[in-house]
Amino acid sequence: MRNASAYVEMREWVPLEQAMYCTQQILLSLGRMRGTKLDSLSENVLSNLFYDGDALDLFVRLCRVYKPTKHSRRFLEQVARLTETFLATLKSYAQAKAGLLVKKRVKKRAKKPAKAESDSEEAAADIAPDLDDTGDAEDEESGSEDNDDTNEVLVERAFDVSKFERAFATSDVVKAYSHLLAPPSAIEYVYPMLSRIAVASERPHLFFKRNIMLRMLVLFDDQYTYPHHTEMLDLVAWIFRQYVTVINSPALTHHYKAEELNHKLAVECMLAFLKQSRLGTTVKPVITRHIVQLIADGGDTNDDGASDDKGKDEGETAAQGAVRIEADEDDFDFDFDLGLPPVAAASSTANHNRSMDDVDMDEVYLNH
C-alpha cells in the first residue's frame, strides 16, 4: 500500500497499475483465508488495513486520478477491479464485527483556553468526508503546543461503511467510470459502483453530462453482451427518466447543471424507449417534479438534490415522478415527433478501439 501511495504521488502510472493488481490479488487471498486455519493471519492483516485511514483514502484517490490522455483503458479497468474487490472485502469484514474504528490524520489549530470546546469541534469537522461518522474523537498523538501553528494529529473514530462508500459519489469518479461504458468492459465491476453512486448515494444528477449520457446509450446496442446486462439497462433507464424530468425544467436544469444532449436522434430514441419500457421504474426516483416548486419557493434541497420536505407523502412523491415519465408527448419540450423504434436504434457503431471522446456522435447515431 505504501508503494501504491508513493506511485500516485510521483505519477508513476505503470508501476501503480502493477501495484494495484498485486493488492487486488492479496485482498482476494485474504478473503479466501477467512474461516480456514489461516483465519487469524487474515484477521490481523485486514484489521490493520481497515484501521489505517490513509489506506482507505488511497482507494478513493485511485478512482479520481484517471485521465483519458494519460492513462490506458486497462489502467482504468484495474482501478475498477481493485476498488470493487476492496469494498466487497471491507463490507464482509465489517459485517462480522460489532464495530470498526479507524485512525485518521487531521489538521488542527492549536487550542486556546477560551476556545477549547470550539476547537475540538473544528478538529472533528476537518476529518475527510469519507471517514466522517458520529462518535467522539480522541487524540492518539498530538505534539501540539499553544501557538498559532496548524498541527497534524491522529484521531480515532467509529467507522461507517455506508458513509465511506459515499466518498466515491463524485463527478470525477462518474466521469472516469463512464469511459468503460463505450464499448462496455469490466461491467461486473462498473455496475456496482454506478449503482452505489446513483441509487445508494442518491446522486443521479452526477450523470447528467452530455458525454456521460451518450456513453450510457451505447449499452442499449444489441451487438454488445456483458455481465449484469438487465441490471445495467435498468439502472441507466432509471437515470434517464430523472434526466428527462430535469431537462424539461429550466429551474432543475440550472440547479443540477444538467447538459442537453444536442443530438436529436439520440433524444428521440431515448424518449421513445422510456414510453415503451418498464425499465427504470422499480426503484423510487430521487428527482421528481415537486422539487421544481421547492426550488422556485427557495425550499431546501440537500447536496444530492433530494428534497428535505418530509411532509410529502411517499406515495404522492412516487406518483409525481411517474407523471413526468408517463406524460403525453406534449409534456416534453422537444420540437419533434416521438414515433420512432426503441432506443436500440440509437446504439453506437463506433470502432471498439476508439475512445468515445474521439468519436463524432452525429456519426454514431445517424448511421443507425
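The structure displayed is predicted, hence computed values, not measured ones.

Reading the values: the criteria
- Numbering of residues starts from 1 in every chain and runs along the sequence as written.
- Given that the model is predicted, a residue must reach a pLDDT of at least 70 before its local features are reported, and side-chain atom pairs must reach 80 or more before they are shown or counted; all residues, however, enter totals for whole chains, interfaces and linings.
- No hydrogens and no water enter the side-chain calculation; it runs on all heavy atoms of the structure.
- For patches, a residue must show more than 30% relative accessible area and have no salt bridge; joins then use 9 Å for like charges and 5 Å for nonpolar side chains, namely Val, Leu, Ile, Met, Phe, Trp and Tyr.
- The accessible surface values rely on the Shrake-Rupley method and a 1.4 Å probe; as for residues, cover is taken only from the protein chains in view.
- Definition used for salt bridges: Asp or Glu carboxyl oxygen within 4 Å of a side-chain nitrogen of Lys or Arg.
- By the counting scheme adopted, Arg and Lys are positive, Glu and Asp are negative, and His together with the chain ends is not counted.
- Each charge is placed at NZ for Lys, CZ for Arg, CG for Asp and CD for Glu.
- Put simply, DSSP marks the helices as runs of H or I at least four residues long and the strands as runs of E at least two long, and each gets a number from the N terminus on.
- Think of it in three bands: residues with accessible area under 20% of the maximum for their type are buried, residues over 50% are exposed, and the middle band is partly exposed, with areas taken using a 1.4 Å probe on protein chains only.
- Residue contacts are defined here by distance: any two heavy atoms, one from each residue, within 4.5 Å place the two residues in contact.
- How sure the predictor is of each residue is captured by pLDDT, a score from 0 to 100.
- Only the six-membered ring of Trp is used, alongside the rings of Phe and Tyr, when aromatic pairs are assigned; centres must lie within 6.5 Å, and planes under 30 degrees apart are stacked while those over 60 apart are edge-to-face, with the rest tilted.

Q: Is there a simple way to think about a positive patch on the surface in this case?
A: A surface patch of positive charge is lined by Arg 11, Lys 67, Lys 70 and Lys 175. Turning to its location among the elements, Lys 67 is positioned in the loop between helix H4 (53–62) and helix H5 (73–95). Judged by relative accessible area, Lys 67 falls into the partly exposed class, the value being 41%.

Q: Is there a simple way to explain the environment of Trp 238 in this structure?
A: Within the element layout of this structure, Trp 238 appears in helix H11 (residues 229–247). Between the C-alpha atoms of Trp 238 and Val 283, which are 45 residues apart in sequence, the distance is 7.6 Å. Leaving out residues up to four positions away in the same chain, Trp 238 has contacts with Ala 198, Val 199, Pro 204, Gly 280, Val 283, Lys 284, Pro 285 and Val 286.

Q: Just checking my understanding: could you explain the pattern of salt bridges for this structure?
A: Side chains that differ in sign of charge can pair as their charged atoms come close. Evaluation of the coordinates by the stated rule reveals 11 salt bridges. Here Glu 17 and Arg 74 are joined by a salt bridge, their closest N and O atoms 2.8 Å apart. On the criterion of sequence distance, the pair formed by Glu 17 in helix H2 (residues 13–33) and Arg 74 in helix H5 is long-range, its members being 57 residues apart. Relative accessible area serves as the criterion here: at 57%, Arg 74 is assigned to the exposed category.

Q: Before we go on, may I ask you to explain the environment of Val 199 in this structure?
A: Tracing the sequence through the fold places Val 199 in helix H9 (residues 187–200). With relative accessibility at 29%, the residue Val 199 sits in the partly exposed group. Residues Val 199 and Val 286, spaced 87 residues apart in sequence, show a C-alpha to C-alpha distance of 8.1 Å.

Q: Looking at this model, I keep getting lost on unusual backbone geometry. Mind explaining?
A: The phi angle of most residues is negative, glycine excepted, and most peptide bonds adopt the trans form. Geometrically, the link from Ala 182 to Pro 183 is a cis peptide bond, its omega value of -10° lying close to zero. Mapped onto the elements of the fold, Pro 183 is located in the loop between helix H8 (171–178) and H9. Phi at Ala 186 takes a positive value of approximately 55°, unusual for a residue other than glycine. Structurally, the position occupied by Ala 186 is in the loop between H8 and H9. Phi is positive for Glu 202, which is not a glycine, with a value near 55°. Turning to its location among the elements, Glu 202 is positioned in the loop between H9 and helix H10 (210–217). When its relative accessible area of 36% is taken as the criterion, Glu 202 is described as partly exposed.

Q: It is not clear to me how the confidence of the model for the protein should be interpreted in this structure. Could you clarify?
A: As a general rule, the predicted coordinates of low-pLDDT regions are not to be interpreted in detail. On average, residues of the protein score 75 in pLDDT, and 67% of them reach the 70 mark or higher. Predicted confidence is poor over residues 116–147, with pLDDT under 50, and the contacts of this stretch with residues over four places away or in other chains come to 65 contacts. Contacts of residues 300–368 to residues separated by more than four positions or lying in other chains number 135 contacts, the stretch itself having pLDDT below 50.

Q: Sorry if this is basic, but what is going on with the packing of aromatic side chains here?
A: How two aromatic rings sit relative to each other is set out by the distance from centre to centre and by the angle between their planes. The tally for this structure, following the rule as stated, stands at nine aromatic pairs. Here the aromatic rings of Phe 164 and Phe 168 are separated by 5.6 Å at their centres, their planes lie at 90°, and the arrangement is edge-to-face. For the pair Phe 164 and Phe 168, a shared accessibility class is recorded, and that class is buried. These aromatic residues form a ring-pair network of at least three members: Phe 50, Phe 59, Phe 86, Tyr 93, Phe 159, Phe 164 and Phe 168.

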